[in-house]
Amino acid sequence: MLLYNTYTRQKEEFVPIDENAVKMYVCGPTVYSHIHIGNARPVIFFDVVHRYFNYQGYDVQYVSNITDVDDKIINRAIEEGVTEAEISQKYLDFFLECNAALNTLPVTARPKVTDNIEEIIAFIDDLVKKEVAYAVDGDVYFRIDKIKEYGRLSGKVIDELEVGARISENTQKENPLDFTLWKRTEKGITWESPWGKGRPGWHTECVVMIEEEFKGKIDIHGGGSDLQFPHHENEIAQSIGCSGHNLANYWMHVGRLGLGKEKMSKSIGNVINVQDLLKNVDANAFRLFMLSVHYRMPIDYTEDIMKSTAREWDKIKQASNQLFRKLDVDDAFHIQFQPLSHLESIMSRFNAALDDDFNTANAMTELFNLVKEINKLLRSKADNAQLKYAYMTLQNMMYILGFDLPSKRLSNQERELLQGWETARQEKDFAKADELRGKLVELGVL
């Protein structure tokens, strides 16, 4: 398997730290608002990564944090006249509901910042003692010029960085690019620390939670491409300053999702919330849209593209349902399958696509090739042993890509009615066929 490593800017063979195990951390949400479809792209992609490693037999430890203390949470709490804890829990619940609606697998752990404050304070104190951080009037800053690798992940050149939109100028800092580890404040929720009352900086939280969950360097650290700088760059700096390593062997970043070629941003209000989208769009079709482009490439959402993708999903769903129903009517799920070489080739190419830096776009091509072959098998009235193999192949692809098509087995009564309906149609007894079809519609079978 090859992964594109943002840190080295090249594809590298994936070699886990521990054999047959994967340690993966993905930056989770700051829970102050509803999850929008741009936020959902990393959620869906890294769910596929999780699933594929599972499929390949790895023991996956997948951790994704929850940032439940932040200026945005505090401001939202003030606006709504409630506590920060109520705001963060409210929007965390929305986030988890959307994850379930998008059929993502449960992660191993979702640590919260507020549950790791003591560890964060101890970590910052250690950086101060090692003189890679310094305190000024209750604030603590990290000395970026202590880290010669600073800028390697993002490709930023320190000498060319200017104090600007992402970095606020502060005359207390030794270097205007030094970033905050501990913020002195009286506003909102605060904690006591050796430097006074305040709360941690965003960039420190993930480093500490990775150490708490994994106890050392991990295989994969992921997130959106917008996190490369400064968030992930600053995580690496702190890890090098404290432990001498860059936190992860492979850094993976998902491209942005735009709304009609404009950047999707909560701050300017041009967002589509996942909950609102899923009222009108099948979650499977939305997944298909998200995975139709390579994860490192940007993708633009429009209603027309989504409608087109929904039609493509209907083709997959129809083939799957017809195949399932045929095997179910014939009570053939228990029989021995018969391998088909051309389907084996399709699955092999599907796996090869994912082994090449999770190229879901190419994998999707093979899914549609499989759907075409299933339709051919159904039309040619292939025997059930071959159809079962096709069904097993389809189920493997559906699991890996995270599509969810719950299928309910027929009762004996429903099976007899369906068989009778098929017989009546073949014998051109249309009156009886219509009568049986009506009963099947009432039962929800047709």
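For the structure, see preceding data.
What you see is a predicted model, and the numbers here were worked out from it, not measured in a lab.

**Q** A description of the overall build of the chain should follow, citing residues and the corresponding values.
**A** Per the secondary structure count, the chain includes 14 helices and 13 strands. With the C-alpha coordinates of the chain rotated into their principal frame, the extents come out at 90 × 50 × 35 Å. A total of 446 residues make up the chain; the buried ones form 52% of that total. Taking the intrachain contacts of the chain between residues at least 6 apart in sequence as the baseline, contacts between residues at least 24 apart amount to 78%. For the chain, the exposed area adds up to about 20700 Å²; of that, 46% sits on carbon and sulfur atoms.

**Q** Quick one: what's the story with the sheet that holds strand S13 (residues 299-301), residue by residue and with numbers?
**A** An order of S12-S11-S13 is seen for the three strands of this open sheet, with the pairing classed as mixed. Looking at which strands have only one partner, the edges of the open sheet turn out to be strand S12 (262-263) and S13. In terms of strand pairing, strand S11 (residues 257-259) meets S13 through three bridges, oriented parallel. The residue of S13 that forms the bridge with Leu259 is Tyr301. The strands touched by helix H8 (residues 283-291) within the sheet are S11 and S13, with S13 carrying the most contacts at an inclination of about 145 degrees.

**Q** Go over the side chain of Gln238 with me, naming the residues and quoting the values.
**A** Looking at the secondary structure, you find Gln238 in helix H6 (residues 228-243). Within polar-contact distance, the side chain of Gln238 engages the side chain of Thr204 at 2.8 Å. Contact partners of Gln238, with chain neighbours within four places excluded, come to Phe123, Leu127, Phe142, Phe179, Leu181, His203, Thr204 and Val207.

**Q** Mind laying out the layout of surface pockets, listing which residues take part and the relevant values?
**A** Empty space within the second largest pocket amounts to approximately 620 Å³. Forming the walls of the second largest pocket are 19 residues, and the residues nearest its centre are Gln322, Arg325, Lys326, Leu378 and Glu422. Going through the elements one at a time, helix H9 (303-329) and helix H13 (412-426) are the ones with two or more residues in the lining of the second largest pocket. Considering every element that reaches the lining of the second largest pocket, the biggest residue donor is H9, with six residues.

**Q** Can you break down empty space enclosed by the protein residue by residue, with the values?
**A** A full pass over the atoms with the stated rule returns one cavity of 30 Å³ or more. Approximately 40 Å³ is the volume attributed to the largest cavity. Lining of the largest cavity is provided by Arg41, Ile44, Phe45, Met290, Leu291, Val293, Tyr295 and Thr360. Elements with a contribution of two residues or more to the lining of the largest cavity: helix H1 (37-55) and H8. By residue number, the principal contributor to the lining of the largest cavity is H1, which donates three residues. Split by residue class, the lining of the largest cavity holds six nonpolar, one polar and one charged.

**Q** How would you explain the pairing of strand S4 (residues 59-64) if you had to name every residue and give the values?
**A** Alignment of strand S3 (residues 21-26) against S4, held across six bridges, turns out to be parallel. Bridge assignment links Lys23 to a residue of S4, and that residue is Gln61. Considered for its hand, the β-α-β crossover made up of S3, H1 and S4 is right-handed.

**Q** Give me the lowdown on the nonpolar core, citing residues and values where you can.
**A** Phe46, Ile220, Phe286 and Phe358 are the most contacted members of the largest nonpolar core, which has 85 residues in total. With ten residues, H1 is the largest single contributor of residues to this core. Contacts of Phe46, omitting those with residues within four sequence positions, involve Met24, Val26, Tyr62, Gly222, Gly223, Met252 and Val254. Grouped together as the second largest cluster of nonpolar side chains are 43 residues, Leu181, Cys206, Ile210 and Leu227 included.

Procedures and definitions
Residues numbered from 1 in each chain as written. Predicted model: local features only at pLDDT ≥ 70, side-chain atom pairs only at ≥ 80, totals over all residues. Heavy atoms only, no water. Helix = DSSP H or I, 4+ residues; strand = E, 2+ residues; numbered from the N terminus. Buried < 20%, exposed > 50% of the residue type's maximum accessible area, 1.4 Å probe, protein only. Contact = heavy atoms within 4.5 Å. Areas by Shrake-Rupley, 256 points an atom, 1.4 Å probe, with all protein chains shown as cover. Pairing = 2+ DSSP bridges. Axes fitted to C-alpha atoms, helices over the stretch in contact; angles between N-to-C directions. Polar contact = N/O pair within 3.5 Å; in protein donor to acceptor, adjacent residues only side chain to side chain. 1 Å grid on protein atoms, 1.4 Å probe; cavity = no way out; pocket = protein on both sides within 12 Å on 5 of 7 lines; lining within 4 Å. Points joined across faces, edges and corners; volume = space filled by probe spheres on them. Nonpolar A, V, L, I, M, F, W, Y, C, P; charged D, E, K, R; others polar. Right-handed = clockwise from strand over helix to strand, strands pointing away. Core = buried A, V, L, I, M, F, W, Y, C linked by side-chain atoms within 4.5 Å.

Any functional reading would require information that these geometric values do not contain.
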